[in-house]
There are 2 protein chains.
Amino acid sequence: MSEPTQSSGWSFENEAHDAAFAVAYLHRVCFTRDVLDTANPALRNVLQADGGRLARVLVFVDDGVACAWPDLKDGIIAYARSHADQMTLVDAPIQITGGEACKNDWQVFERVARAITGAAICRRSYVVVIGGGAVLDAVGFAAATAHRGVRLVRLPTTTLAQADSGVGVKNGINAFGRKNLLGTFSPPWAVINDEAFPSTLSERDWRCGLAEAVKVALLKSESFFEQIVAARPRLRNRDEAAMRPLVRRSALLHMRHIADGGDPFELNEARPLDFGHWSAHKLEQMTGFRLKHGEAVAIGIALDCVYSAMTGLLEWSDVKRICDCLTGLGFELVHAALQESETLLAGLEEFREHLGGGLTITLLNAIGKPLEVHEIDHAVMIEAASRLRRSARVIF
Amino acid sequence: MSEPTQSSGWSFENEAHDAAFAVAYLHRVCFTRDVLDTANPALRNVLQADGGRLARVLVFVDDGVACAWPDLKDGIIAYARSHADQMTLVDAPIQITGGEACKNDWQVFERVARAITGAAICRRSYVVVIGGGAVLDAVGFAAATAHRGVRLVRLPTTTLAQADSGVGVKNGINAFGRKNLLGTFSPPWAVINDEAFPSTLSERDWRCGLAEAVKVALLKSESFFEQIVAARPRLRNRDEAAMRPLVRRSALLHMRHIADGGDPFELNEARPLDFGHWSAHKLEQMTGFRLKHGEAVAIGIALDCVYSAMTGLLEWSDVKRICDCLTGLGFELVHAALQESETLLAGLEEFREHLGGGLTITLLNAIGKPLEVHEIDHAVMIEAASRLRRSARVIF
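Summarised in this report is the structure supplied together with it.

About the cut-offs
Residues numbered from 1 in each chain as written. Chains lettered and ligands numbered in written order. Predicted model: local features only at pLDDT ≥ 70, side-chain atom pairs only at ≥ 80, totals over all residues. Heavy atoms only, no water. Least-squares fit on C-alpha atoms with pLDDT ≥ 70 in both. Contact = heavy atoms within 4.5 Å. Buried area = accessible area lost by both parts, 1.4 Å probe. Salt bridge = Lys/Arg side-chain N within 4 Å of Asp/Glu carboxyl O. Polar contact = N/O pair within 3.5 Å; in protein donor to acceptor, adjacent residues only side chain to side chain. Helix = DSSP H or I, 4+ residues; strand = E, 2+ residues; numbered from the N terminus. Nonpolar A, V, L, I, M, F, W, Y, C, P; charged D, E, K, R; others polar. Pairing = 2+ DSSP bridges. Phe/Tyr/Trp six-rings, centres within 6.5 Å; stacked < 30°, edge-to-face > 60°. Buried < 20%, exposed > 50% of the residue type's maximum accessible area, 1.4 Å probe, protein only.

### Points about the relation of the copies chain A and chain B
Both copies of the chain are tied together by a single rotation about an axis and a shift running along it.
Working step 1: Expressed as a screw transformation, the operator carrying chain A onto chain B has a rotation angle of 180 degrees and an axial translation of 0.0 Å, and the superposed copies differ by an RMSD of 0.0 Å. What the superposition gives is, in effect, a two-fold axis relating one chain to the other. Rotation axis and chain A: the residue whose C-alpha lies nearest the axis is V23(A), separated from it by 2.7 Å.
Working step 2: Both copies share a contact surface, since 100% of the interface residues of chain A are interface residues in chain B too.

### Things to note about the interface of chain A and chain B
Working step 1: Counting residues at the interface gives 83 residues for chain A and 84 residues for chain B.
Working step 2: Across the interface of chain A and chain B, roughly 7,400 Å² is buried in total on both sides, 60% from carbon and sulfur atoms.
Working step 3: One can count two salt bridges joining chain A with chain B.
Working step 4: Among the ionic pairs, E15(A) bridges to R248(B), the shortest N-O distance being 2.6 Å.
Working step 5: If you look at where chain A meets chain B, you find 27 residue pairs in polar contact (both at pLDDT 80 or more).
Working step 6: Elements supplying a minimum of two residues to the side of chain A that touches chain B: β2 (15-32), α1 (42-46), α5 (106-118), α6 (133-145), β9 (178-182), α10 (240-260) and α14 (341-355) of chain A.
Working step 7: Tallying contributions element by element places β2(A) first for the side of chain A that touches chain B, with 18 residues.
Working step 8: By residue class, the composition of the side of chain A that touches chain B is 40 nonpolar, 19 polar and 24 charged.
Working step 9: Pairing geometry for β2(A) and strand β2 (residues 15-32) of chain B, over 17 bridges, is antiparallel.

### Structural notes on the packing of aromatic side chains
Residues and elements named next belong to chain B.
Working step 1: Tallied over the entire structure, the rule returns 17 aromatic pairs over all chains.
Working step 2: On the basis of an interplanar angle of 25 degrees and a centroid distance of 5.5 Å, the ring pair of F185 and F265 is categorised as stacked. A residue pair is termed long-range when its members are at least 10 positions apart, and F185 in the loop between β9 (178-182) and β10 (190-194) and F265 in the loop between α10 (240-260) and α11 (277-286) qualify at 80 residues. For the pair shown, F185 and F265 are each scored as buried.

Structure follows, in structure tokens:
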């Protein structure tokens, strides 16, 4: 704690004290398969019994996941029974509406918080949530605020959540017409990526995780980008074995960024992991979420790459490699919403406002080499959107 | 980031990764007088202009404070105008119902969050809140979750908030019939204690801050306890000059505990600053908040001191010193609710559950020497309550 300082040059005798402190976190991610097989120790390993007590666990399940895996709830109960020396379910698994709907409905948050309270889940008990990114976000916000934060174990079930948001430290719900308006930075107690879950996703949802994998490759690692490009033919045939290492590498790069990037709670202006996201968030909103997040991110990446090239930052040959990669993975980079340039560009200001401070947009200097800019030339961005719209094939 | 580890002894090839990281905070407390005097730099000093932009500020005011200080809102506007080179008010000051009511009403939280959103307050803009502990808590929770946390400058106005919670790192609202059920650990951007505010408090409210000062003295510093004892005659005559150094020392001890105590976000079981609070929270609830927090804390301290002595931890002579100090300050240590021993003792389990894990109660070994116990003998505690009830004068 510093010595008190007196303000000088003023007639007031103010006494200011400051004290620096740090809060330490451990971020844990486990990759596994068949997490609810009673012989699989991954889940029991993270449910620490506390002071001789059994780990008390309340489970929330995305209804889309419960529907695709009809034995899931029984599996949870059987797993808990089989590990009764370590854990106890305080209630039957609770089903939550999946998809963005659960983040728009305030009552979902309230229902989860009420269930946590009613089941006497405390700061040393566990909420386990199994689902896609939206359910992880909504349940995560309730878990982060009930009793000022109970332990949260995330089991992301989509490629997108497994590769990206599920291994992040954020949660949130939508409010007052704004995406993620209410939320916190709260590192989960643990994340368990079960590679079996994505197998039941629709073609579109399965593909979506690849957009975030491409994003993190462009920011962090050209070799990862090449790995994705090489896997393209197999991915087009929905080869699950080809997907798994990509999701894993994306998740680890994401995790490493949080731990080593120097700003896990985004206290600075930069938000490098949100590459391509200023327009992606806006495109989702403009299309009433008919564009899925991964699909919007693919377009957003392409748009900011074209802009990067138009402003002399990125080689056109790299733009071509990136767009070829995305279209080769099955993403459509042309969308009518790109024409509504004024509405689209409003996304820049909304992006700035949510983060605060001056505008900071991540662009690309080369594959694996991001850079930050603090100004976007609107006319050039409109032209970039127009070029992209005139088809990914003819812009180069 | 650690190397991945393979679980052994199981047939599953799980791959676990972990990454440690820390988040750094700076806790700032400034002691001043007449914070809204345009010549006082305390407030402008903490409102950092960001990247050349003016600091954007939205102010919330406890309606009790606005009533006691009719010029307050005009003063805020005049201060901002006088410092227009540094700050801009994005809206007129917004009045919030004071007292516990604002924590019980979900709509207050929503109203504050909506106002923050509507005024385009971002993560680098400022919410300034002027009020008692309850208003600081409710507005603080909204500020901590809107955009996942905007900057919060607290101006506590009561002796209690200035000495204790206002310099802490917590916020919260009541939900599902539980006190502080929803909240976060979120260090404020800065705290400014204006010593002029407490002058308009009622006799009872003015006294309340002393209970927390005695509490922190008993936990941290016998010399501070002696300082309070010595000031007693002047405090009984409401000598503001006698109060000020006590509030200041209490606030600094509290701040130092957060920064140097090793567990600012209460991730461990111990919650030493909550000495005397398990019963205080319960007594407040049992009396429908007719007992004020500080009054309940005084009783709670006395109760746990009597229990400490009965279990051989504390000298009876110290219990006498402590109870004499509290009664000398005007606190009543006898209350009918102490008779309802079963209801009262339920507070132990509620205290444990909110914190989680095993029961951890702070008791006293001597003045300035706390210790933690993990078991409370209910029969002895009932007898302690009974002794206290039979009057503070005859128990020794």
